[in-house]
Amino acid sequence: MTRHVIVAGAGIVGLSTAYELGLRGHRVTVLDKESTVAVHQTGNNSGVIHSGLYYKPGSLKATLGAAGATSMKRFADEHGITADICGKLVVATKPSQIPALDELYRRGQANGVPCRIITPEEAREYEPHVSSVAALRVESTGIIDYRGVCEALRSLIEAQGGSVQFGQEIVGVDSRNDAVTVTTRKEEFSADYFVNCTGLHSDRIARRAGLRPDVRIIPFRGEYFELAPDEEHLVKGLIYPVPDPEFPFLGVHFTRMFNGSVHAGPNAVFALAREGYTWLTINPRDVLESAQWPGLWKLGKKFWRTGIDEVLRSLSKKRFLASLRELIPELSDNSLVPTHAGVRAQAMRRDGSLVDDFYYERAPRQIHVLNAPSPAATAALEIGKMIANQIGEEL
């Protein structure tokens, strides 16, 4: 039976969900406050197809991430989207990191990720300029044009008879027994179901829909540099550090893009606005909402040293470069050129713990995706299937 589903958010998760619902015969309307697709998290990430290496076995990130790596590659092939499965190195630069590297290998094996521990000599066969005491080679990681994926999804949704509407900022959601009404600043929509995939604003939309989420979105900005053109030869593919198991971010790393440029980053600093792509972008309401959440202060108490280090690295190109030189010592003093930043929508609990898996909450005729950071872009098609299954069961 055909139903009308409204999906809020024209990022990759919202569009993937809408596409999957269209495949199942539903009529779909996608609403987004921006003027085009993939403006925020999707359009400002590193463009990596993740393998599923890092995530707790059995978690949604592990299962949907690994499956998504396959389905996203297949989607790119079928729709002529640029993608390159180049593999990556995760590099231990000192002996104390080897136990964590070994744990990553065990997780990779448990999650079905093709990976192997290699020697420093073998690592230099892939990356001649890398410094390591050991490394993990992951063959299934690659890069892709996620904006291109979103444009393809938009076209497919419209070909299915659905619509993607921009400039539609949602101000209210009201569920009744037989329908759900979504109100934007421009007009009112009636549908059988509502799906919230608004990322940085997902908890606010959930509250407007009458929920009281157990999490708050805390924005973290990730800043990038590019390598100067005469230093791009130092990086052949993807090079990552061994992540700190106590910190939820992967650390600054290198990503060679399709045009030959090399991105370096991102770091992770608290953003002073949910769409705070620079230090000068400050939204008092956003700052107040974050400051009123007790979890932020508890997280700060636990990670204050790391937080200060991240801020100092953000404000000092010299510190940022020092982190990158741990991986590639040959980088010159003039090797970094500033480029774009992204903002990660990270869900945080009241106790200060960061939600470490994909997370959603439900209400009658509603699903609210409240945590979909990396590897959500990789897993987007699989997340869409999961949400469509949930809707199918309820309707």
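Here is a short report on the structure shown in this document.

Rules used throughout
- Residues numbered from 1 in each chain as written.
- Predicted model: local features only at pLDDT ≥ 70, side-chain atom pairs only at ≥ 80, totals over all residues.
- Heavy atoms only, no water.
- Helix = DSSP H or I, 4+ residues; strand = E, 2+ residues; numbered from the N terminus.
- Rg over C-alpha atoms; globule rule 2.2 N^0.38 Å.
- Buried < 20%, exposed > 50% of the residue type's maximum accessible area, 1.4 Å probe, protein only.
- Contact = heavy atoms within 4.5 Å.
- Areas by Shrake-Rupley, 256 points an atom, 1.4 Å probe, with all protein chains shown as cover.
- Lys, Arg positive; Asp, Glu negative; His and termini not counted.
- Charge placed at Lys NZ, Arg CZ, Asp CG, Glu CD.
- Pairing = 2+ DSSP bridges.
- Salt bridge = Lys/Arg side-chain N within 4 Å of Asp/Glu carboxyl O.
- Phe/Tyr/Trp six-rings, centres within 6.5 Å; stacked < 30°, edge-to-face > 60°.
- Lys NZ or Arg CZ within 6 Å of the ring centre and 35° of its normal.
- Axes fitted to C-alpha atoms, helices over the stretch in contact; angles between N-to-C directions.
- Disulfide = S-S within 2.5 Å.
- Parallel < 35°, antiparallel > 145°, perpendicular 65-115°, else oblique.
- Nonpolar A, V, L, I, M, F, W, Y, C, P; charged D, E, K, R; others polar.
- Right-handed = clockwise from strand over helix to strand, strands pointing away.
- Expected span 1.5 Å × (residues − 1).
- Polar contact = N/O pair within 3.5 Å; in protein donor to acceptor, adjacent residues only side chain to side chain.

**What about the overall build of the chain?**
Within the chain, the secondary structure is distributed over 10 helices and 21 strands. Relative to the 2.2 N^0.38 estimate, which gives 21 Å for 395 residues, the radius of gyration of the chain is 21 Å and therefore close to what a compact globule would have. Principal-axis analysis of the C-alpha atoms gives the chain an extent of 65 × 45 × 35 Å. Looking at the chain as a whole, 57% of its 395 residues are labelled buried. Expressed as a percentage of contacts within the chain between residues at least 6 apart in sequence, the contacts between residues at least 24 apart total 72%. As displayed, the chain offers around 16400 Å² of accessible surface, 51% of which is attributable to carbon and sulfur atoms. The averaged location of the 46 negative side-chain charges in the chain is 5 Å from the averaged location of its 45 positive side-chain charges.

**Some remarks on the pairing of strand S5 (residues 88-92)**
The element S5 is largely enclosed, with a buried count of 5 among its 5 residues. Of the two faces of S5, the one carrying Lys88, Val90 and Ala92 and the one carrying Leu89 and Val91 are both buried. In this structure, S5 lies alongside strand S15 (residues 238-241), joined through 4 bridges in parallel fashion. Its bridge partner lying in S15, Lys88 is registered against Leu238.

**Observations concerning the sheet that holds strand S8 (residues 142-144)**
Strand order in the open sheet made by the 3 strands is S3-S8-S4, with antiparallel pairing throughout. Each of the sheet's edge strands pairs with one partner strand only, and the pair in question is strand S3 (48-49) and strand S4 (83-84). Here S4 runs beside S8; their pairing, made up of 2 bridges, is antiparallel. Bridged to Ala83 within S8 is Ile144.

**What to know about the pattern of salt bridges**
Taken as a whole and assessed by the stated rule, the structure comprises 23 salt bridges. We note a salt bridge from Arg185 to Glu169, for which the minimum N-O separation is 3.1 Å. Of this pair, Arg185 sits in the loop between strand S11 (180-184) and strand S12 (188-191) while Glu169 sits in the loop between strand S9 (163-165) and strand S10 (170-175), placing them 16 residues apart in sequence. Judged by relative accessible area, which is 63%, Arg185 ranks as exposed. Members of the salt-bridge network, linked through shared partners, are Asp203, Arg204, Arg207, Arg216, Arg274, Arg285, Asp286 and Glu289.

**Description of the packing of aromatic side chains**
Going through the model one piece at a time under the given rule, you end up with 3 aromatic pairs. Taking 6.1 Å as the distance between ring centres and 65° as the angle between the ring planes, the aromatic pair formed by Tyr54 and Tyr55 counts as edge-to-face. In this structure Tyr54 comes out as buried when scored by relative accessible area, which is 10%. Under the relative-accessibility criterion, Tyr55 is labelled buried at 9%. Positioned over the ring face of Tyr240 is Lys88, at 3.9 Å from the centre of the ring. Across from the ring centre of Phe320, 6.0 Å away, lies the NZ or CZ of Arg313, which sits over that ring.

**Concerning the sheet that holds S11**
The strand order across the open sheet formed by 3 strands is S10-S11-S12, and the pairing between neighbours is antiparallel. For this open sheet the edge positions go to S10 and S12, each flanked by a neighbour on one side alone. Across the sheet, the mean angle separating the axes of adjacent strands is 15° when strand polarity is ignored. Pairing of S10 with S11 involves 5 bridges; the strand directions are antiparallel.

**Quick word on the state of the cysteines**
By the definition in use, this model includes 0 disulfides. Cysteine Cys150 shares no disulfide, and the gap to the nearest cysteine sulfur, in Cys197, comes to 12 Å. Among the residues examined, Cys150 registers a relative accessible area of 0% and is labelled buried.

**Description of the packing of helix H2 (residues 60-79) against helix H10 (residues 376-394)**
Remark: H2 packs on H10, axes separated minimally by 6 Å, with the N-to-C direction vectors making an angle of 105°. Comparing the axis directions of H2 and H10 gives the class roughly perpendicular. Two secondary-structure elements touch here, H2 through Leu60, Leu64, Gly65, Ala67, Gly68, Ala69, Ser71, Met72 and Phe75 and H10 through Ala377, Thr378, Ala379, Ala380, Leu381, Glu382, Ile383 and Met386. Partitioned by chemical class, the residues of the contact of H2 with H10 number 12 nonpolar, 4 polar and 1 charged.

**Focus: the pairing of strand S2 (residues 27-31)**
It is a general feature of regular strands that their side chains alternate between the two faces of the sheet. In terms of burial, S2 is a largely internal element, 4 of the 5 residues being buried. Sheet topology note: the strand S1 (residues 4-8)/S2 ladder contains 5 bridges and is parallel. Following the sheet pairing, Val5 is matched in S2 by Val28. For the crossover that starts at S1, traverses helix H1 (residues 12-23) and ends in the parallel S2, the hand is right-handed. Across 3 bridges, S2 lies against S9 in parallel orientation. The residue bridging Val30 from the neighbouring strand is Val164, located in S9.

**Details of helix H5 (residues 146-159)**
Compared with the 20 Å implied by 1.5 Å per residue over 14 residues, the 20 Å span of H5 between its first and last C-alpha is a close match. Those residues of H5 not exposed but buried are Tyr146, Gly148, Val149, Cys150, Ala152, Leu153 and Ile157. Measuring from the backbone nitrogen of Arg147 back to the side-chain oxygen at the start of H5 gives 3.3 Å, which picks out Asp145 as the cap.

**Thoughts on the environment of Ser175**
As for its position among the elements, Ser175 is in strand S10. Sequence separation of Ser175 and Gln366 is 191 residues, and the distance between their C-alpha atoms is 8.0 Å. Not counting residues up to four positions away in its chain, the partners in contact with Ser175 are Val180, Pro364, Arg365 and Gln366. A distance of 3.2 Å separates a polar side-chain atom of Ser175 from the backbone oxygen of Pro364.

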